[in-house]
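# Residue-level structural notes
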Amino acid sequence: DSIEYNCEKKKSFFLFYLNDKQSVWVILPDREFKLNKIDESNHIYSNSITTLEISSEQTQIKLGEDIIYGQCIEKKDSF
């Protein structure tokens, strides 16, 4: 099951956790890629080009130093 994140500028992406959350598969509208966990305490995943920072308040994806998906929040299913 993927997790959907909704971000500023009406952007969104999907995320799959892999290997007991030691890596993630990120699905953007134009590409997909794997990131490995580099920081255990702060939930930071990277492949040295792209970085995903996950937090309960705000999640973001950075390409180098540029934030390409900012102010993202996990979409919660409504039951």
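See the structure shown above.
Read on for a plain summary of the structure.

Here strand E1 (residues 3-6) shows one buried face, formed by Ile3 and Tyr5, and one open face, formed by Glu4 and Asn6. In terms of strand pairing, E1 meets strand E2 (residues 12-18) through four bridges, oriented antiparallel. Paired with Tyr5 across the strands is Phe13, a residue of E2. Counted along the chain from E1 to the antiparallel partner E2, the turn is five residues long, and its residue Lys9 has a positive phi close to 60 degrees. Two elements, E1 and strand E8 (residues 66-74), share two bridges in a ladder whose sense is antiparallel. What sits directly across from Tyr5, in E8, is Glu74.

Throughout the structure, instances matching the rule amount to three salt bridges. When the shortest N-O distance is used, the salt bridge between Glu53 and Lys62 registers 3.9 Å. Here Lys62 falls in the buried class, since its relative accessible area comes to 17%. When the shortest N-O distance is used, the salt bridge between Lys76 and Glu74 registers 3.7 Å. Lys76 gets classed as exposed once you look at its relative accessible area, which sits at 61%.

Thresholds, definitions, all that
Residues numbered from 1 in each chain as written. Predicted model: local features only at pLDDT ≥ 70, side-chain atom pairs only at ≥ 80, totals over all residues. Heavy atoms only, no water. Buried < 20%, exposed > 50% of the residue type's maximum accessible area, 1.4 Å probe, protein only. Helix = DSSP H or I, 4+ residues; strand = E, 2+ residues; numbered from the N terminus. Pairing = 2+ DSSP bridges. Salt bridge = Lys/Arg side-chain N within 4 Å of Asp/Glu carboxyl O.

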